[in-house]
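Secondary and tertiary structure notes
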Amino acid sequence: MMKRLGLVPFMLLWAVAAGAQVNFTDVLEKDVEGEGEVRVECDERLDSLIGYCMPDIEGEQIKAIGYRIQVFAGNNTRDARAKAQEAETYIRENFPELPVYTLFKSPRWLCTVGDFLYYEEAYDVLRKIRKDSPYKGMIILRNQEINVSL
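Being a predicted model, the structure only gives us computed values, none of them experimental.

By secondary structure assignment, the location of S133 is in the loop between α5 (119-132) and β6 (139-149). A relative accessible area of 3% places S133 in the buried class. Setting aside chain neighbours within four positions, we find S133 in contact with Y90 and M138.

Per the stated rule, a full pass over the model turns up 4 aromatic pairs. Ring geometry for Y119 against Y123: centres 6.3 Å apart, planes inclined by 15°, an arrangement best described as stacked. Here Y123 and Y119 lie together in helix α5, a separation of 4 residues that amounts to about one turn. Y119 gets classed as partly exposed once you look at its relative accessible area, which sits at 38%.

Ranked by size, the top nonpolar core spans 22 residues in total, and within it I69, V71, I91, L98, V113, I129 and M138 carry the most contacts. Dropping the residues within four chain positions of it, L98 is found in contact with V113, F116, V125 and I129.

A separate point is helix α4 (residues 78-94). Across its 17 residues, α4 extends 24 Å between first and last C-alpha, which sits within 8% of the 24 Å expected from 1.5 Å per residue. Listed as buried for α4 are A80, A84, A87, E88, Y90 and I91. Taken down its axis, α4 places every buried residue within 160° of arc, on the same side. Facing away from the buried surface of α4 by more than 90 degrees, the exposed residues are R78 and E93. Looking at the buried residues of α4, the elements they touch are β3 (61-73), β4 (100-105), β5 (108-116) and α5.

Below, the discussion takes up the sheet that holds β6. Strand pairing in a sheet relies on backbone hydrogen bonds. The paired strands run either parallel or antiparallel. Taken in spatial order, the 4 strands of this open sheet run β4-β5-β3-β6, and their pairing is antiparallel. The open sheet has two free edges, formed respectively by β4 and β6, since each of these has just one partner strand. Sheet twist, expressed as the mean angle between neighbouring strand axes with direction ignored, is 40°. As judged from the 6 bridges shared by β4 and β5, these two strands associate in the antiparallel manner. Within β5, the residue paired with Y101 across the bridge is T112. Seen against the sheet, α4 touches β3, β4 and β5 and runs at an angle of roughly 20° to β5. Lying on the sheet, α5 is in contact with β3, β5 and β6; it crosses β3 at an angle near 30°.

Moving on to the environment of I139. Tracing the sequence through the fold places I139 in strand β6. Sequence spacing of I139 and L126 is 13 residues, and the spatial spacing of their C-alpha atoms is 7.9 Å.

As a further point, take the pairing of β5. A large share of β5 lies buried, amounting to 7 of its 9 residues. Where β3 lies against β5, 5 bridges are found, and the strand directions are antiparallel. Looking across to β5, one finds that F72 is bridged to C111. As consecutive antiparallel partners, β4 and β5 are separated by 2 residues.

Rules used in this analysis
- Residues numbered from 1 in each chain as written.
- Predicted model: local features only at pLDDT ≥ 70, side-chain atom pairs only at ≥ 80, totals over all residues.
- Heavy atoms only, no water.
- Helix = DSSP H or I, 4+ residues; strand = E, 2+ residues; numbered from the N terminus.
- Buried < 20%, exposed > 50% of the residue type's maximum accessible area, 1.4 Å probe, protein only.
- Contact = heavy atoms within 4.5 Å.
- Phe/Tyr/Trp six-rings, centres within 6.5 Å; stacked < 30°, edge-to-face > 60°.
- Core = buried A, V, L, I, M, F, W, Y, C linked by side-chain atoms within 4.5 Å.
- Expected span 1.5 Å × (residues − 1).
- Arc of directions from axis to C-beta.
- Pairing = 2+ DSSP bridges.
- Axes fitted to C-alpha atoms, helices over the stretch in contact; angles between N-to-C directions.

Given below as structure tokens:
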């Protein structure tokens, strides 16, 4: 009896996941304004062979482990907080495409920049920021929880 009850949550989860899936041929046949029409005539068994597509998730974000650039790190004083916010303002004005994170992580204020999956990406941006920035002591932090857009 307990084994059967243990399967119920699994079966519900499977049903929800299956409901979120869309047949590949349905995706091809979807009408989009300004584009041509595609009609697929095939055996229904073809969908089981091809598989399913996930619904559109463009614009959503997931968490991942990656790299960020530390622009400023100070102690836990008001002056350090003001300098961290000053660094944030500078980055936002000069590099508006980069996300900036200013936070207090005991015992210091930090201002970090970017969400990079690869070290090389972070290093390229670091070089661009260092080129014109008054902040020269920047470093790349690894093993950071970053936001990745899908």
